[in-house]
Protein chains: 2
Amino acid sequence: MSQRRPTSISDIARAAGVSHPTVSRALNDSPLISAGVRQRIQRLAKNMDYTPNALAQGLRATRSHTIGLVMTSIADPYFSDVVRGIEEVARPAHFSLFLSAAHNDPAQQMAAIETLRRRRVDGVLMASTQLSTQIEEYLAHLGIPTVLVNNETDSESALTNWVVVDDIEGARLATEHLQQLGHNKIGYIGVNNRPRSNRQRTEGYLAALDAAGVASDPCWVAMPAQSGSVLSEAEAEGPTHDARVGRAQMSRMLDAGVSAVLCFNDMVAVGALRCCHELGVSVPGQVSIVGYDDIGLAGYLTPSLTTVRQPGAELGHLAARLLLDLLEGRPVLNHVLSPTLVKRESTAALQPS
Amino acid sequence: MSQRRPTSISDIARAAGVSHPTVSRALNDSPLISAGVRQRIQRLAKNMDYTPNALAQGLRATRSHTIGLVMTSIADPYFSDVVRGIEEVARPAHFSLFLSAAHNDPAQQMAAIETLRRRRVDGVLMASTQLSTQIEEYLAHLGIPTVLVNNETDSESALTNWVVVDDIEGARLATEHLQQLGHNKIGYIGVNNRPRSNRQRTEGYLAALDAAGVASDPCWVAMPAQSGSVLSEAEAEGPTHDARVGRAQMSRMLDAGVSAVLCFNDMVAVGALRCCHELGVSVPGQVSIVGYDDIGLAGYLTPSLTTVRQPGAELGHLAARLLLDLLEGRPVLNHVLSPTLVKRESTAALQPS
DNA sequence: ATAATCCCTGCACACGTGTACATCAGCCTT
DNA sequence: AAGGCTGATGTACACGTGTGCAGGGATTAT
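Quick caveat: nothing in here was measured; it's all calculated off a predicted structure. (Residues numbered from 1 in each chain as written. Chains lettered and ligands numbered in written order. Predicted model: local features only at pLDDT ≥ 70, side-chain atom pairs only at ≥ 80, totals over all residues.)

### Points about the overall build of chain A
From N to C terminus, chain A includes 12 helices and 12 strands. By the compact-globule yardstick of 20 Å for 353 residues, chain A is too spread out, its C-alpha radius of gyration being 26 Å. When its C-alpha atoms are laid out on the principal axes, chain A stretches across 90 × 40 × 40 Å. Counting the 353 residues in chain A, one finds 50% classified as buried. A separation threshold of at least 6 residues defines the contact pool for chain A, and within that pool the share at least 24 residues apart is 73%. (Helix = DSSP H or I, 4+ residues; strand = E, 2+ residues; numbered from the N terminus. Rg over C-alpha atoms; globule rule 2.2 N^0.38 Å. Buried ≥ 20, exposed ≤ 12 C-beta atoms within 10 Å, placed from the backbone. Contact = placed C-beta atoms within 7 Å.)

Okay, here's the thing in structure tokens:
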């Protein structure tokens, strides 16, 4: 209500009877300015309620101090930890975040990137997104520093910087845990819209079976059919979808006669638990269930969920730091973080039947 | 990798042998430009991979086409729906979102607002935040159009635009549902860090008791002690914290002898369910539990959770539209949305004991 | 044929900031 | 006393875009 046009350094210059470069220098603590003038101008700036115009600064510096964040879905509970981690690093470095959701739709991804380019972001974080090679090449072509966070792209990427959690290791950990409890018929429930994670977790699961000398039965691996074409957007993603998958696939698992199941993530496990409850199958009495991610409520389910903990906040921290280092021209290293197993109530020793 | 400096309209002008204003007009489809030149320049712009510089446009227009989003915690599962709703409206209107988290800390809130002001955002959305009068006055003083979304401020606010869900109504709905099931000893588990919602839900709960002619017992209302001073940040907020509250307070509820409990939100209910499980109390056999929000997994818990559905996405839609209307100078109306009751398995008729 | 009109384009400037360069006063040195 | 030096400030310009205004060429009207 007070001022329609914000005060600029020219306004301050006029009030102080100096030129605007002098004000600029004074506010930036340039050694060229005499102490007296500097102090007087800084006080004046405060009194006149001055705030620098970041648009002008960005234009002049051709650096906006801005980062674009592209993610599939804002609703994924695991992912909110990653965002928090990113924000905790970006904020103290005086970088602001542009938020955009792309819903795994290549067209929306492209549009999001185009918008970020128009905004002249200094860098981009692509999180949990399934990148088409077209988009990768476009990003590389633009030359915008980009860091991939747990990206879902398998192939050799044109984008060389990334931070991931080792999914093979995580699935292996979980499967070995079940084996140590005496289980040998172990199933896996996957998803179809996060190909890399799903493939690697499948791989870790199979590797553990193999190491134990168990032949893997195709019936032990279940995932929804590949929906080849367009997905109805609201239905085909997000936590509710994952839970639905778990619920639907769990009955197949029980038919296949497994005594333990590894789920793609905690929401799938929630659906699986739900299925067991509906069928009167006790967990972990009759079947053990393991999740993945360790989202906040995993410990509060009944039974509380044994799961593979992904260090989400740490992932966000590292990704943001990596990007900032990249922007400063510092040498950077990609990171592979290790997941850890969190043992809770949903897994137990195999009951002799 | 390709171009260090993005192409500007001046570059295009040079290539086309015209002046940059001509290019500007041609790209903006100004009727002043002849059809031939316009087409030639537009083609040239596409070939030269031109993207307008939003910083320069914002500087020139003194409108950045940018909205600042201030929220307490990115991790709140209910809130992610609101953000999604906001994004779905802002994106097609070509507004970009600045994300900032303030963790209910007045200093961080002030810093976030200051940053948004530096960025010259056109408007601000404050979501689920507990505003101090100091911050309200500051926002009003700045004259940045602001819309409050489910804000936690009780007093008459200096900020006149808001969108809320009627919490009194929601709690009343839930309580009446329990009453219709025959319950008369009904408890309420609240929280201490969202004062307005908590107060209004308490109010709705008490109003329903009152309407049924039931004297409310103070023992039936439980919430964590007011943590007067600084909260250890990581512990005092977020879904995990809420679940912890529910688990801790639920045992008091059982001691108080209630047969049904209304919880502040679904995460509190998750904690309450957990407590019952640990104590061997069956839900809904011995006690009925109602949540609030209808977060994605509420339907997948065991038992699935009866809860009050908040239209999160709609809330986001309305808030964003309201802000955009405000920016266009159109007349605006505040909105009070009505919650709805979703009946599931966690509530049942009172068992004669 | 001349003037009025219209259509298109260029020029100048503004948004707000920051920096290379010029300027100028004052002081020191020889 | 004259020239060089240091220190503080002003001048000019750049970042990229958009718009008011002037102007020029072509067409039309008288």
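### With respect to the packing of helix α1 (residues 9-16) of chain B against helix α3 (residues 35-47) of chain B
Residue and element names in this part refer to chain B. The interhelical angle for the contact between α1 and α3, taken along N-to-C directions, is 120°, at an axis separation of 10 Å. Relative to α3, α1 is oriented oblique. By crossing handedness, the relation of α1 to α3 is classed as right-handed. Between α1 and α3, the contacting residues are Ile12, Ala15 and Ala16 on the first element and Arg40, Ile41, Leu44 and Ala45 on the second. Split by residue class, the contact of α1 with α3 holds six nonpolar, no polar and one charged. (Axes fitted to C-alpha atoms, helices over the stretch in contact; angles between N-to-C directions. Parallel < 35°, antiparallel > 145°, perpendicular 65-115°, else oblique. Left-handed = near helix turned anticlockwise from the far one by under 90°. Nonpolar A, V, L, I, M, F, W, Y, C, P; charged D, E, K, R; others polar.)

### Thoughts on the protein's contact with DNA strand D
Taken together, 26 residues lie around DNA strand D, and Thr22 of chain A together with Ser8, Ile9, Pro21 and Asn53 of chain B are the ones closest in. Sorting the residues of the surface near DNA strand D by element identifies α2 (20-27) and α4 (54-61) of chain A together with α1, α2 (20-27) and α4 (54-61) of chain B as the ones contributing at least two each. Taken together, the residues that form the surface near DNA strand D break down as 11 nonpolar, 11 polar and four charged. (Near = placed C-beta within 6 Å.)

### Focus on the sheet that holds strand β10 (residues 306-309) of chain A
Residues and elements named next belong to chain A. The strand order across the open sheet built from six strands is β7-β6-β8-β9-β10-β12, with neighbouring strands paired in mixed fashion. Looking at the sheet topology across the chains shown, the edges are occupied by β7 (221-222) and β12 (340-342). Relative to strand β9 (residues 288-293), strand β8 (residues 260-263) runs parallel, the two being bridged by three bridges. Residue Val261 lies in a different strand from β9, and its bridge partner there is Ile289. (Pairing = 2+ DSSP bridges.)

### A look at the protein's contact with DNA strand C
With respect to spatial proximity, 26 residues lie near DNA strand C, and among them Ser8, Pro21 and Asn53 of chain A together with Pro21 and Thr22 of chain B are the closest. At the level of secondary structure, the elements contributing two or more residues to the surface near DNA strand C comprise α1 (9-16), α2 and α4 of chain A together with α2 and α4 of chain B. Residue composition of the surface near DNA strand C, grouped by class: 11 nonpolar, 11 polar and four charged.

### Some words on the interface of chain B and chain A
At the interface, 47 residues of chain B touch 47 residues of chain A. Going through the elements one at a time, α4, α5 (77-90), β2 (96-101), α6 (106-118), α7 (133-142), α10 (239-256) and α11 (266-279) of chain B are the ones with two or more residues in the side of chain B that touches chain A. The pairing of strand β2 (residues 96-101) of chain A with β2 of chain B spans three bridges and is antiparallel. Following the sheet pairing, Leu99 of chain A is matched in β2 of chain B by Leu97 of chain B.

### Observations concerning the relation of the copies chain B and chain A
By a simple turn and slide, chain B fits onto chain A: the slide is 0.0 Å along the axis, the RMSD is 0.1 Å, and the turn is 180°. As the rotation angle and translation indicate, the two copies are arranged about a two-fold axis. Both copies share a contact surface, since 100% of the interface residues of chain B are interface residues in chain A too. (Least-squares fit on C-alpha atoms with pLDDT ≥ 70 in both.)

### Considerations on the sheet that holds strand β4 (residues 146-149) of chain A
On the basis of which strands lie adjacent, the open sheet formed by 12 strands has the order β11(A)-β5(A)-β4(A)-β3(A)-β1(A)-β2(A)-β2(B)-β1(B)-β3(B)-β4(B)-β5(B)-β11(B) and mixed pairing. Of all strands in the sheet, those with a lone pairing partner are β11 (335-337) of chain A together with β11 (335-337) of chain B, marking the two edges. Strand-to-strand twist in this sheet, taken as the mean axis angle between neighbours without regard to direction, amounts to 20°. By the bridge criterion, four bridges tie strand β3 (residues 123-127) of chain B to strand β4 (residues 146-149) of chain B in an arrangement that is parallel. Directly across from Leu125 of chain B, in β4 of chain B, lies its bridge partner Val147 of chain B.

### A few points about α6 of chain B
Helix length check: α6 of chain B (13 residues) gives 18 Å between terminal C-alpha atoms against 18 Å at 1.5 Å per residue, within 8%. For α6 of chain B, the set of buried residues is Gln109, Ala112, Ile113, Thr115, Leu116 and Arg117 of chain B. Along its buried surface, α6 of chain B packs onto β2 of chain A together with β1 (66-71), β2, β3 and α7 of chain B. Two residues or fewer past α6 of chain B, Arg120 of chain B is found with a positive phi of approximately 60°. (Expected span 1.5 Å × (residues − 1).)

### Notes on the environment of Gly312 of chain A
Residues and elements named next belong to chain A. Residue placement: Gly312 occurs in helix α12 (residues 312-328). For the pair Gly312 and Val165, spaced 147 residues apart in the sequence, the C-alpha separation amounts to 9.1 Å. Residues in contact with Gly312, not counting those within four places in the same chain, are Tyr78, Asp81, Val82 and Gly85.

### Section: the pairing of strand β6 (residues 186-189) of chain A
All names here are of chain A. Here β6 shows two buried faces, one formed by Ile186 and Tyr188 and the other by Gly187 and Ile189. One ladder, built from four bridges, connects β6 with β8; its direction is parallel. Residue pairing across strands places Ile186 opposite Ala260, the latter belonging to β8. Where β6 and β7 come together, two bridges link them in parallel fashion. Residue Ile189 lies in a different strand from β7, and its bridge partner there is Ala222. Note on the crossover from β6 through helix α9 (residues 195-211) to β7: the handedness is right-handed. (Right-handed = clockwise from strand over helix to strand, strands pointing away.)

### Section: the packing of helix α8 (residues 167-180) of chain A against α9 of chain A
Residue and element names in this part refer to chain A. Two elements in contact, α8 and α9, have axes whose closest approach is 7 Å; the angle formed by their N-to-C orientations is 40°. With respect to each other, α8 and α9 are oriented oblique. For the crossing formed where α8 meets α9, the hand is right-handed. On α9, the residues that touch Asp167, Ile168, Glu169, Gly170, Ala171, Arg172, Thr175, Glu176 and Gln179 of α8 are Ser197, Gln200, Arg201, Glu203, Gly204, Tyr205, Ala207, Ala208 and Leu209. Looking at side-chain class alone, the contact of α8 with α9 contains six nonpolar, six polar and six charged residues.

### A closer look at the environment of Gly312 of chain B
In this structure Gly312 of chain B comes out as buried when scored by C-beta crowding, with 25 C-beta atoms within 10 Å. In sequence terms Gly312 of chain B and Arg84 of chain B are 228 residues apart; their C-alpha atoms lie 8.6 Å from each other.

### Thoughts on the pairing of β8 of chain A
Neither face of β8 of chain A is open: one carries Ala260 and Leu262 of chain A, the other Val261 and Cys263 of chain A, and all of them are buried. In the classification by handedness, the crossover that spans β8 of chain A, the intervening helix α11 (residues 266-279) of chain A and the parallel β9 of chain A is right-handed.

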